[in-house]
Amino acid sequence: MDFPILSAILLCPLAAVLVIMLIPAGRDEWVRWVSAVFSAIALALSTVLWFAYDPGAAGLQFTEHIPWVPAVGIDYHMAVDGYGVALIMLNSLVLFTGVLTMWTLKVRVKEYFAFMMLLVVGVYGVFMTQDLFLLFFFYEIAVVPMYPLILIWGSTRKEYGAMKLMLFLLVGSALLFPALLAIYHQAGLGTFSLVELGAHTFERDFQVFVYPFVYLGFGVLAGMFPFHGWSPTGHVAAPTAVSMLHAGVLMKLGAFGVLVVGIRLLPEGALYWAPLFAVLAAVGIIYGGFVALRQNDFKFVIGFSSVSHMGIVLLGLNIGVIGFAGGDASTGQSAFDGAVFQMFAHGVMTALFFSTVGYIYETSHSKMIGDFGGLGSQMPKAVSIFIVAGLCGAGLPGLASFWGELLVFLAALATFPLLGAVVVAGLVLTALYVLRVFNQAFFGPPNPKWEGLPDLRGWALLPRALLVAVLVLFGFFPRAMLDLIGSTTSLLAEVF
Amino acid sequence: MNLTFFLLLSLLLFSAGLIAVMSRRNLVTVLVGIELMLNAASVNFMAFNFFVAPDPVVGQIIVLLIIGLAAAEVAVFLAILMVLYRARHEVDAEDIRELRG
Amino acid sequence: MSPTLLVLLTIFAPFVAFGISLVFLMRRPVLAQGVALAGGAVSVLAALLLLAGGPAEPVRHLWFASGNFQLQFGFVFDGLSLAFGAVVAVIAFCIQVYSIGYMHHDPGRTRYFAMLGLFGWSMLGFVYSVDLLQAFIFWELVGLASFFLIGFWYEKPEAIAAAKKAFIMTRVGDVGLFIGVLMILNLTGISDIPALLDAETGLLAHVSGGTLALIMMLLFMGIAGKSAQFPLHTWLPDAMEGPTPVSALLHSATMVAAGVFLFARLHPLFLASEVVVVTVLAVALFTAILSSTIALVERDIKRVLAYSSIGQLGFMLAALAAGSLFAGVLHLILHAVFKALLFLCAGSYIHRFETNDMEEIGRLGARRMRWTTAGLLAGGGALAGIPPLAGFFSKEEVLAAISYAGYTAFWLVALLAAFLTAYYTFRMIFLVTLPARMEQGAKDAAGDSPWVMLVPMAVLTAGAVLGGLMMGPLGGLLGLEVPSHSLISMLPALGAVAVGVGLAWWDFGRARAPRRGFVEALGPLHTLFVNKWYVDDFYRATFGRAVHAVSRLLQKTEEKGLDGGFDNAAISTSRLGGLIARLQNGWVQSYIASVILIVALAGFYLGIR
């Protein structure tokens, strides 16, 4: 370990928070540039990390281990596996594009970027820490700034949305914290280290009892059916970049938590509950699709589509557990690879969605589908970009989420053929609600009301184009991702 | 002069204080009541210290503590009272109900 | 040049044109046209060189690996791919050239030509795919490109509705196909097409009986969606809302051809299950009858052609299902040529007269457009199966294949369909070329479409006339013997065609023709045909409503039940807090009283213990 790259990445947003706080009031330009520069550095470091990570060696790399509170066994222990690298990359991407998306923010710029950077500190922390306590700590750091961010800079019933989101997530945390403490005590190792806890085998009864707490606690954040209600409301209320981070990264935090805490530490418990949770996830996929079909607000459509797409991630995780535990390594491998791939793809995709809707809202001050019509001729670039995101959502090949869905569906069909078939049939539903939005808002006779709206151009185009490029890149070269996460998945197989 | 005498005295003091606290509407009188109750407790401590466990002087220490606390408490109480009086021109316990839930 | 390089050129030249146009040339339609044409030309040249090079070993490259599940994408160079790839490239190029004339006034030309490039790329990629999943990817992209092209005039509500319908209906089929492909992957672990076809280690070695039938039926679902077979056929006639050259492309060598091509690709696997064979035959021939009967009463020239495509696709699938790869592929290729021609002719009329109604086109003087009319005659004759035009040979092969396979009942149905095809084709020709009266001044309106439109039509006309000559070379490419038929065995088919043409002449062609089809005397049947067998209405009334009902129900559940439930939980908690807060009455002395009461009670409790 030469250069502490993980700490450096973690430090970027943290330093940004501090620097932003020091900037005198009224210097909004400085705030933007500081945020942009620090997030660009984080993105650059994440790219370095991506290429420096050696998938062949698998396992945890770039370890930094400093005892922190030795009395109870809390360590500053940072290390990443393939999943972590992928998700850190996702976070950096969404952060960087999010900062650029919010370039035109006028109200309380300083506070906004400070909160946003703080949130991102938490997200990075969760993805890189190997300490259960720190994980929970960072998790809370990531969740709490959401409240002021939505409350101050939000729109559309923002008080309601912010409160709802907070209540759901705190209830999730309330389930989680005792479960984490129970894990700590039950192991009796006097350490919060995920590595050591992972090596410990818990009693089966204990696992079966505690796992649902962990799954539900993290699952709420992942938008699991039926505890997804906060997510569409929160997305709608949140300002653009917060929606991006929120749907793009925060929801992955939940799924990641289920993976590293739930499945890694409590595999038998996970297996016991997997069929139930798999069914719930599948219900979520279909349910989200149907509900999205009836929404009139762009952001609600995306919000419910997120519920549907995160259902695919959760389905993948549960199927993967069944696959590995049942000795069917290839199903397990596909399912976990697919789930993580889908996390990444969905993150980039929703970031793109919200970023573009944010632009449309910013220029027209409306995000109701019915207000538009024929927008394609008025802002062709913005609409084209939205269409790319929509097609990605519909699982079209050539865009990243196809591969994630393919792998999860493959595993689902092998494990529960009927359930798998129903979920695949859900693709029709996805196409339906995506095309409905296209046809109602973008195609058709142009609405004269929006004549002369400026299209995306120059700097505003950059973040969106970057996200499109990422979607296409992984859509055509899925190996770039699978080589990274595949070896981590094979290590996961040893847990069972 | 035995323990019982002092306990009765303390009971008397405490009851007087309690009655004052419970029944008087003027907050100054309430404060006096509280002081009485604190003193009852002090008497108790001293009595037990003297008759039951004379060797470790824990009782005396606690009494000192109580006196100190009482002084501080009175200071804070009176300060609040002053402010209240300035703001509302009254110190009636039944009328000051801003902290109603 | 190596086949790999050539195939990359063939496939990616249109894609490069697509990318360049969309990113750089949005404001320069003329340049975009040039780029598209250059891409198309490179693609045609490379495809023809590939064809000249003859079959070669497939090439593969590891594309995707997740544990044991590995996908090797690459290209296959067997006769089927080479022949059909060349046809696709040539027809796509012809249509690009034609579009220069047809679309010259449209401001969105860049987008149009870019999407043609996307279409060409995805279809060619599909044709040369070595892997089933790779094929599926390009298959979906073909659907996407046709979505954009059908909805090209996106300000027209009908166009976007048609595009959506096409996408959704093919998607329904694709779900089946996708599940089928995934099942194959799960059961065998391979998706490489040559490996799957291998008799020793392929799919047939792993599964049989019911599972095999299930998988093949699922795959056929996708094919039925793409190739517009009953019950997923209704999107194709609506797809007419796109520009006419797009219809020409969609109906000939791309999109609908993809389904038949996939069937031909996996031919041995489909034949392995008797249930599937019979189902496909039944579906395909039923579709042929259904579509032909609707074409009998249709007035819109493009819709007549669309229904004829559905019918001819049914013929191809029936031939393939009956076991004759040669007949199916021959009809696929020749149909691609003459159907593209017919659409281009129709486009030429529409471009000139700005109407789709056949009688009106005739009345406005269609006959005066000599070259176009010559093309229409050649294409129509080929479609009807008039010897010695292209369609005659392929239709003979199709009918012979069904008859030789011993499905006499199906053969009779196919004959009926052939008769109907001849009838409605000539109804179209007579309506267009022999109108009852011509508009005043129509005679003076001589002249034809510009040469950029006529040249591609001439090329395709040559194909439609001389297509029969390629039977030999095609047989050689596919490695199949060209069957030879005696004149006697051809007689029934020829008879059916002759009766069809004759009846059309009687109804529409002769001097004092009633100009009413015989079906109009059939009463209820006529109503059935005019209403397209009520299939669309049925879908609207069932699936359409069901989806809406379910989504409304779930939306209610979300609002009132789930979301509302959580809201209520939160509100109740808050109310409960309000209740408890009442104890906090702000009267200090009551607090003290309760403290003392509680302490006293506690003391009492402890005391009695």
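Note that the structure is predicted; figures quoted are calculated from it, not measured.

### Details of the overall build of chain B
Item 1. Counting secondary structure elements, chain B contains three helices and zero strands.
Item 2. Reading the helices (α) and strands (β) of chain B from amino to carboxyl end gives α-α-α.
Item 3. Its C-alpha atoms give chain B a radius of gyration of 17 Å, more than 25% over the compact-globule value 13 Å for 101 residues.
Item 4. Projected onto its principal axes, the C-alpha positions of chain B cover 50 × 25 × 25 Å.
Item 5. Looking at chain B as a whole, 25% of its 101 residues qualify as buried.
Item 6. Within chain B, contacts between residues at least 6 apart in sequence are counted, and of these 56% link residues at least 24 apart.
Item 7. Of the accessible surface of chain B, which amounts to about 6,700 Å², a share of 73% is contributed by carbon and sulfur atoms.
Item 8. Across chain B, the mean location of the 6 positive side-chain charges is 9 Å away from that of the 8 negative side-chain charges.

### Topic: the interface of chain C and chain A
Item 1. The interface of chain C with chain A comprises 49 residues on the first partner and 58 residues on the second.
Item 2. Around 4,700 Å² of area is buried between chain C and chain A when both sides are counted, 74% of it from carbon and sulfur atoms.
Item 3. The interface formed by chain C and chain A holds one salt bridge in total.
Item 4. The salt bridge involving C:Asp567 is made with A:Lys164; its shortest N-O contact spans 3.4 Å.
Item 5. Across the contact surface, chain C and chain A share 14 residue pairs in polar contact (both at pLDDT 80 or more).
Item 6. Among the secondary structure elements, those contributing two or more residues to the side of chain C that touches chain A are strand S1 (56-66), strand S2 (69-77), helix H5 (132-150), helix H6 (157-188) and helix H25 (535-581) of chain C.
Item 7. Here the residues of the side of chain C that touches chain A sort into 33 nonpolar, eight polar and eight charged.

### What to know about the pairing of strand S1 (residues 61-69) of chain A
All names here are of chain A.
Item 1. Of the pairings in the sheet, the one linking S1 to strand S2 (residues 74-80) comprises six bridges and is antiparallel in character. Bridge pairing in S2 places valine 69 opposite isoleucine 74.
Item 2. Where S1 folds back onto S2 in an antiparallel hairpin, the turn is made up of four residues, including glycine 73, whose phi is positive at roughly 80 degrees.

### Regarding the nonpolar core
Item 1. Counting 425 residues, the largest nonpolar core has A:Ile183 and A:Phe442 as the members making the most contacts within it.
Item 2. Tallying contributions element by element places helix H16 (residues 325-353) of chain C first for this core, with 21 residues.
Item 3. Contact partners of A:Phe442, with chain neighbours within four places excluded, come to A:Phe298, A:Ile360, A:Gly374, A:Leu375, A:Gly376, A:Val383, A:Phe386, A:Ile387, A:Val437 and C:Tyr154.

### Quick notes on helix H4 (residues 109-128) of chain C
Item 1. Over its 20 residues, H4(C) extends 29 Å from the first C-alpha to the last, a length consistent with the 28 Å expected when each residue adds 1.5 Å.
Item 2. Along H4(C), 19 of the 20 residues are buried, which leaves the element largely enclosed by surrounding structure.

### Overview of the pattern of salt bridges
Item 1. In this structure the tally under the stated criterion is 18 salt bridges over all chains.
Item 2. The salt bridge involving A:Asp81 is made with A:Arg264; its shortest N-O contact spans 2.9 Å. Highlighted residues: A:Asp81 in the loop between S2 and helix H3 (82-101) and A:Arg264 in helix H11 (residues 240-265), separated in sequence by 183 residues.
Item 3. A salt bridge links C:Asp537 to C:Arg540; the shortest N-O distance between them is 3.8 Å. Pair noted here: C:Asp537 and C:Arg540 are both in helix H25, with a separation of three residues, about one helical turn.
Item 4. You can call C:Asp537 partly exposed: its relative accessible area is 38%.
Item 5. Three or more residues joined by partner-sharing salt bridges are found here, namely C:Lys165, C:Asp238, C:Arg303 and C:Asp536.

### Points about helix H19 (residues 390-404) of chain C
Residues and elements named next belong to chain C.
Item 1. With 15 residues, H19 extends 21 Å between its outermost C-alpha atoms, agreeing within 8% with the 21 Å of an ideal straight helix rising 1.5 Å per residue.
Item 2. For H19, the tally of buried residues reaches twelve of 15 residues, placing the bulk of the element in the interior.
Item 3. The set of residues buried in H19 consists of Ala390, Gly391, Phe392, Ser394, Lys395, Glu396, Glu397, Val398, Leu399, Ala400, Ala401 and Ile402.
Item 4. Count one or two residues on from H19 and you reach glycine 406, which has phi positive near 90 degrees.

### A few points about the side chain of A:Ser243
Residue and element names in this part refer to chain A.
Item 1. With respect to the helices and strands, the residue serine 243 is situated in helix H11.
Item 2. Residue serine 243 is classed as buried on the basis of its relative accessible area of 0%.
Item 3. Excluding residues that lie within four positions of it along the chain, serine 243 makes contacts with His235, Ala238, Gly248, Lys299 and Phe354.

### Here we look at the state of the cysteines
All names here are of chain C.
Item 1. The tally for this structure, following the rule as stated, stands at zero disulfides over all chains.
Item 2. We note that cysteine 94 lacks a disulfide partner, and the nearest cysteine sulfur, in cysteine 345, lies 12 Å from it.
Item 3. For cysteine 94, a relative accessible area of 7% puts it in the buried group.

### Points about the interface of chain B and chain C
Item 1. Taken together, the contact between chain B and chain C spans 13 residues of the former and ten residues of the latter.
Item 2. Here chain B meets chain C over a buried area of about 940 Å², counting both sides, of which 62% is carbon and sulfur.
Item 3. Counting every contact that joins chain B to chain C gives zero salt bridges.
Item 4. Inspection of the chain B/chain C interface yields two residue pairs in polar contact (both at pLDDT 80 or more).

### A word on the packing of helix H16 (residues 380-393) of chain A against helix H19 (residues 461-476) of chain A
Residue and element names in this part refer to chain A.
Item 1. Interaxial distance between H16 and H19 falls to 11 Å at its minimum, and their mutual angle equals 30 degrees. As far as their axial angle goes, H19 and H16 are roughly parallel. Helix-helix and strand crossings are classified by hand; for H16 and H19 the assignment is left-handed. Residues Lys381, Ile385, Val388 and Cys392 of H16 lie in contact with H19, whose contacting residues are Leu461, Arg464, Val468 and Leu471.
Item 2. Tallied by class, residues from the contact of H16 with H19 come to six nonpolar, no polar and two charged.

### A few points about the pairing of S2(C)
All names here are of chain C.
Item 1. Most of S2 is tucked away: seven of the nine residues are buried.
Item 2. As paired elements, S1 and S2 share eight bridges and run antiparallel to each other. When the sheet's bridge partners are listed, leucine 62 is paired in S2 with glutamine 72.

### Observations concerning the packing of helix H5 (residues 132-143) of chain A against helix H7 (residues 158-187) of chain A
Residues and elements named next belong to chain A.
Item 1. Where H5 meets H7, the axes come as close as 11 Å, and the angle between the chain directions of the two elements is 175 degrees. Of the possible angle classes, the one that applies to H5 and H7 is roughly antiparallel. Contact with H5, carried on its side by Leu132, Phe136, Tyr139, Glu140 and Val143, involves Met166, Leu169, Leu170, Ser173, Leu176, Phe177, Leu180 and Ile183 of H7 and no other residues of that element.
Item 2. Of the residues in the contact of H5 with H7, the class split is eleven nonpolar, one polar and one charged.

### Concerning the environment of A:Val321
Residue and element names in this part refer to chain A.
Item 1. Structurally, the position occupied by valine 321 is in helix H13 (residues 298-325).
Item 2. What makes valine 321 buried here is its relative accessible area of 0%.
Item 3. When the C-alpha positions of valine 321 and proline 275 are compared, they lie 9.6 Å apart, and in sequence the two are 46 residues distant.
Item 4. Ignoring anything within four residues of it in the chain, the contact list for valine 321 reads Ile263, Pro267, Ala270, Leu271, Ala274, Phe336 and Phe496.

### Points about the confidence of the model for chain C
Item 1. Counting all residues, the mean pLDDT for chain C is 85, and 98% of those residues have values of 70 or more.
Item 2. As a predicted assembly, this complex carries a pTM of 0.87 together with an ipTM value of 0.90.

### Things to note about the domain arrangement of chain C
How big an interface is tends to be stated in terms of the accessible area lost upon association of its parts.
Item 1. By the assigned domains, chain C splits into domain 1 (273-480 + 487-526) and domain 2 (539-608).
Item 2. Between the C-alpha centres of domain 1 of chain C and domain 2 of chain C there is a distance of 71 Å.

### Some points on unusual backbone geometry
Trans peptide bonds make up the majority, and among non-glycine residues the majority have a negative phi.
Item 1. Geometrically, the link from A:Phe225 to A:Pro226 is a cis peptide bond, its omega value of 0 degrees lying close to zero.
Item 2. Within the secondary structure, A:Pro226 sits in the loop between helix H9 (204-221) and helix H10 (230-237).
Item 3. Note the cis peptide between C:Phe230 and C:Pro231, where omega equals 0 degrees.
Item 4. By secondary structure assignment, the location of C:Pro231 is in the loop between helix H9 (209-226) and helix H10 (235-238).
Item 5. Even without glycine at this site, C:Ala228 takes up a positive phi of about 55 degrees.
Item 6. Within the secondary structure, C:Ala228 is located in the loop between H9 and H10.
Item 7. Judged by relative accessible area, which is 0%, C:Ala228 ranks as buried.

### So, the packing of aromatic side chains
Item 1. Enumeration over the complete set of coordinates arrives at 74 aromatic pairs over all chains.
Item 2. The interplanar angle of 50 degrees and the centroid separation of 6.5 Å between the aromatic rings of A:Phe443 and C:Phe147 together place this pair among those described as tilted. Note that A:Phe443 is positioned in the loop between helix H18 (417-442) and H19 and C:Phe147 in helix H5, a pairing that runs across two chains.
Item 3. Residues A:Phe476 and C:Trp121 carry aromatic rings whose centres are separated by 6.0 Å and whose planes lie at 50 degrees to one another, so their mutual orientation is tilted. Note that A:Phe476 is positioned in helix H19 and C:Trp121 in helix H4, a pairing that runs across two chains.
Item 4. Owing to a relative accessible area of 26%, A:Phe476 belongs among the partly exposed residues under this scheme.

Criteria and cut-off values
- Here the residue numbers are simple positions, counted from 1 along each chain's written sequence.
- Just so you know, chain letters begin at A and ligand numbers begin at 1, following the order they were written in.
- Where local features are concerned, this predicted model is filtered to residues with pLDDT of at least 70; where side-chain atom pairs are given and counted, the filter is 80 or more; whole-chain, interface and lining totals use all residues.
- The side-chain numbers reported here are obtained from all heavy atoms of the structure, hydrogens and water having been left aside.
- Numbering of helices and strands starts at the N terminus; helices are DSSP runs of H or I of at least 4 residues and strands are runs of E of at least 2.
- To get the radius of gyration, use the C-alpha atoms; to get the globule rule, take the number of residues to the power 0.38 and multiply by 2.2 Å.
- Summary of the burial criterion: residues with accessible area below 20% of their type's maximum are buried, those above 50% are exposed, and those between are partly exposed, where the area comes from a 1.4 Å probe applied to protein chains only.
- Should any heavy atoms of two residues lie within 4.5 Å, those residues are counted as being in contact.
- Every accessible area reported is derived by Shrake-Rupley at a probe size of 1.4 Å, with residue values counting cover from the shown protein chains alone.
- Charged residues are defined narrowly, with Lys and Arg counted positive, Asp and Glu counted negative, and His plus the chain ends left uncounted.
- A charge is said to be at NZ when it belongs to Lys, at CZ for Arg, at CG for Asp and at CD for Glu.
- Note on definitions: buried area is the accessible-area loss of two parts on being combined, 1.4 Å probe, summed for both.
- Salt bridges are counted wherever a side-chain nitrogen of Lys or Arg sits within 4 Å of a carboxyl oxygen of Asp or Glu.
- Under this definition, polar contacts are N or O atom pairs within 3.5 Å; protein pairs additionally need one hydrogen-donor-capable and one acceptor-capable atom, and for neighbouring residues in sequence, both atoms have to be side-chain atoms.
- When residues are grouped by polarity, Ala, Val, Leu, Ile, Met, Phe, Trp, Tyr, Cys and Pro land in nonpolar, Asp, Glu, Lys and Arg in charged, and all others, Gly among them, in polar.
- Note: two strands are recorded as paired if DSSP finds a minimum of 2 bridges between them.
- Definition of nonpolar core: a set of buried residues of the types Ala, Val, Leu, Ile, Met, Phe, Trp, Tyr and Cys, connected through side-chain atoms within 4.5 Å.
- Here the expected length of a helix is defined as 1.5 Å per residue gap, with one fewer gap than residues.
- Any two cysteine sulfur atoms lying within 2.5 Å of each other are counted as a disulfide.
- Only the stretch in contact is used when fitting a helix axis, every axis being a line fitted to C-alpha atoms; angles between N-to-C directions are given from 0 to 180 degrees.
- Should an angle fall under 35 degrees it is taken as roughly parallel, and over 145 as roughly antiparallel, whereas 65 to 115 is taken as roughly perpendicular and any remaining angle as oblique.
- Less than a right angle of anticlockwise turn of the near helix away from the far helix marks a crossing as left-handed, whereas a clockwise turn marks it as right-handed.
- A residue's pLDDT is simply how confident the predictor is in it, with values from 0 to 100.
- All the domain ranges listed were derived from an automatic or database domain assignment.
- Whether two aromatic rings pair depends on their centres lying within 6.5 Å, for rings of Phe, Tyr and Trp, where Trp uses its six-membered ring; planes under 30 degrees apart make the pair stacked, over 60 edge-to-face, and the rest tilted.

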